[in-house]
Amino acid sequence: MTATPVLALRGVFKRFGAVQALTDVDLEIHAGEVVALVGDNGAGKSTLVKTIAGVHPIDEGVIEWEGRKVSVERPQDAQHLGIATVYQDLALADNIDVVGNLFLGREIRRWGVLNEVEMERRSRELLDSLSIRIPSVRIPIASLSGGQRQVVAIARSMLGEPKLVILDEPTAALGVEQTAQVLDLVERLRSRGLAVLLISHNMADVKAVADRVAVLRLGGNNGVFDVRTTSQEEIIAAITGATDNAVTRRASRTAEVQK
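Residues numbered from 1 in each chain as written. Predicted model: local features only at pLDDT ≥ 70, side-chain atom pairs only at ≥ 80, totals over all residues. Heavy atoms only, no water.

**Here we look at the layout of surface pockets**
Alright, step 1. Looking at the largest pocket, its volume works out to about 490 Å³.
Alright, step 2. The wall of the largest pocket is formed by 22 residues, among which Gln79, Ala84, Thr85, Arg106 and Ser157 lie closest to the centre.
Alright, step 3. Looking at side-chain class alone, the lining of the largest pocket contains 14 nonpolar, five polar and three charged residues.
Alright, step 4. Considered as a void within the structure, the second largest pocket measures approximately 230 Å³ in volume.
Alright, step 5. Taken together, Arg122, Glu125, Leu126, Ser129, Met158, Leu159, Glu161, Pro162, Arg192 and Leu194 form the lining of the second largest pocket.
Alright, step 6. Within the lining of the second largest pocket, the residues separate by chemical class into five nonpolar, one polar and four charged. (1 Å grid on protein atoms, 1.4 Å probe; cavity = no way out; pocket = protein on both sides within 12 Å on 5 of 7 lines; lining within 4 Å. Points joined across faces, edges and corners; volume = space filled by probe spheres on them. Nonpolar A, V, L, I, M, F, W, Y, C, P; charged D, E, K, R; others polar.)

This is the structure in C-alpha cells:
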C-alpha cells in the first residue's frame, strides 16, 4: 500500500436544503486496495459516491487526489482525474452488442466511419486482460446473464485507464455463481494496482474481497475496520449503531475527562 492515498476526503459536508446528507466525512483509498463502503439505508453511501463522481459537488471539506487538493464539480472532472463509476443500473444498451456497449460514446472511427474491426479487437483484448469469459463480443447485451452484464459494465469503465473504480452494489440481485464471477474481477482490479471502492450490503462479499471497511451512519463516519482483524458482528454493530448507547457514551465522557 502506498503512503499517499489515491483519493482522500477530509471533512466533507453535503446538504440538500434542510437535509444534512453528509457530516464531516473522512475517507482514504490507496492504490491496490479494496475499501468497502457500508451502511444502512439512508446512511449517505449514495451521496458520498456521487460527490466523488462529481454528480453532487461538496459544500464543505477537501478532496485530495494523489496528495493534492482538487475540485470535483462535474462528472467530467472525476473522469479526467481517473475516477470511473459503475452504477447499480449499469446503463447498458440491451439491443446493442458487447462491442457497441464497451465503446458507447467512445467509438473509434476511421475516415469518418466506425472502425468495427479495431473496436472488436480492443474489446477482445480488454476482456481477455480481465479474464472475462462471455460467449461472443457480438451478441446483444440482453442475451447475457446478470453477472456477465455486470462484468461488461466494469470492463467498460476500464477503457479510460482509471486509477480508482467505484462499484455501486455490483452483486445485487446476482446468483451465487454470478456473484463469484464479479468478486473474482474485483480481486483482479486490485492485483492490477487499482484502488477500488466497493459499495455493498452483503457482508459475505465484503469479507471476501475488501481490505478495509468504512462504515457510514446517519451521514457521518462510524469507524474504519481492517477486515482481517475485525469480526462481522463488530462491523454490523457499527452499521446499526449498536455501539452507540448509554454505556459507551459514559465511557467516552470518562475518557475525555481523564485526558
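**A look at the pattern of salt bridges**
Alright, step 1. Counted according to the given criterion, the structure contains 20 salt bridges.
Alright, step 2. Ionic pairing is found between aspartate 77 and arginine 74, a salt bridge with its closest N-O pair at 3.2 Å.
Alright, step 3. For aspartate 77, a relative accessible area of 17% corresponds to the buried category.
Alright, step 4. Of the residues examined, arginine 74 reaches a relative accessible area of 42% and is grouped as partly exposed. (Salt bridge = Lys/Arg side-chain N within 4 Å of Asp/Glu carboxyl O. Buried < 20%, exposed > 50% of the residue type's maximum accessible area, 1.4 Å probe, protein only.)

**Let's talk about helix α5 (residues 146-157)**
Alright, step 1. In a regular helix each residue adds 1.5 Å, so twelve residues correspond to 16 Å; α5 covers 17 Å between its end C-alpha atoms and thus fits that length.
Alright, step 2. Buried residues dominate α5, accounting for ten of its twelve residues.
Alright, step 3. Looking only at α5, the buried set comprises Gly147, Gln148, Gln150, Val151, Val152, Ala153, Ile154, Ala155, Arg156 and Ser157.
Alright, step 4. Here the buried face of α5 lies against β6 (83-86), α3 (98-102), α4 (116-129), β9 (164-168) and α6 (176-191). (Helix = DSSP H or I, 4+ residues; strand = E, 2+ residues; numbered from the N terminus. Expected span 1.5 Å × (residues − 1). Contact = heavy atoms within 4.5 Å.)

**Considerations on the sheet that holds strand β2 (residues 19-29)**
Alright, step 1. With respect to topology, four strands assemble into an open sheet ordered β2-β1-β4-β5, the strand pairing being antiparallel. On the outer flanks of this sheet lie β2 and β5 (68-70), each paired with one strand and no other. Geometrically, the sheet is characterised by an average inter-axis angle of 35° between neighbouring strands, direction not taken into account.
Alright, step 2. Bridging between strand β1 (residues 7-16) and β2 involves seven bridges; their strand directions are antiparallel. The residue of β2 that forms the bridge with alanine 8 is glutamate 28.
Alright, step 3. Sitting on the sheet, helix α1 (residues 45-52) touches β1, β2 and β4 (60-65), and the angle it makes with β2 is about 65°. (Pairing = 2+ DSSP bridges. Axes fitted to C-alpha atoms, helices over the stretch in contact; angles between N-to-C directions.)

**Details of the nonpolar core**
Alright, step 1. Counting residues in each nonpolar core, the largest one holds 47 residues, and the members touching the most others are Val38, Val98, Leu130, Ile132, Leu167, Leu189 and Val213.
Alright, step 2. Every residue in contact with isoleucine 132, bar those within four places of it in the chain, is listed here: Leu127, Val151, Ala155 and Leu185.
Alright, step 3. Counting 28 residues, the second-largest nonpolar core is a separate cluster that includes Leu22, Leu37, Val49 and Val70. (Core = buried A, V, L, I, M, F, W, Y, C linked by side-chain atoms within 4.5 Å.)

**Considering helix α8 (residues 232-240)**
Alright, step 1. Of the residues making up α8, those classed as buried are Ile235, Ala237, Ala238 and Ile239.
Alright, step 2. Summarising the contacts, the buried residues of α8 are in contact with β3 (34-38), α7 (203-209), β11 (212-217) and β12 (220-226).

**Here we look at the sheet that holds β11**
Alright, step 1. Spatially, β6-β9-β10-β3-β11-β12 is the arrangement adopted by the six strands of the open sheet, whose pairing is mixed. For this open sheet the edge positions go to β6 and β12, each flanked by a neighbour on one side alone. Ignoring which end each strand starts from, the neighbouring axes of this sheet average 20° apart.
Alright, step 2. Bridging between β9 and strand β10 (residues 195-199) involves five bridges; their strand directions are parallel. Considered in β10, the bridge of leucine 167 is made with leucine 198.
Alright, step 3. Sheet strands in contact with α5 are β6 and β9, and its direction is about 165° off that of β6.
Alright, step 4. Where α8 meets the sheet, it contacts β3, β11 and β12, and its direction lies at approximately 25° from that of β11.

Everything listed is a geometric property; what it means functionally is a separate question.
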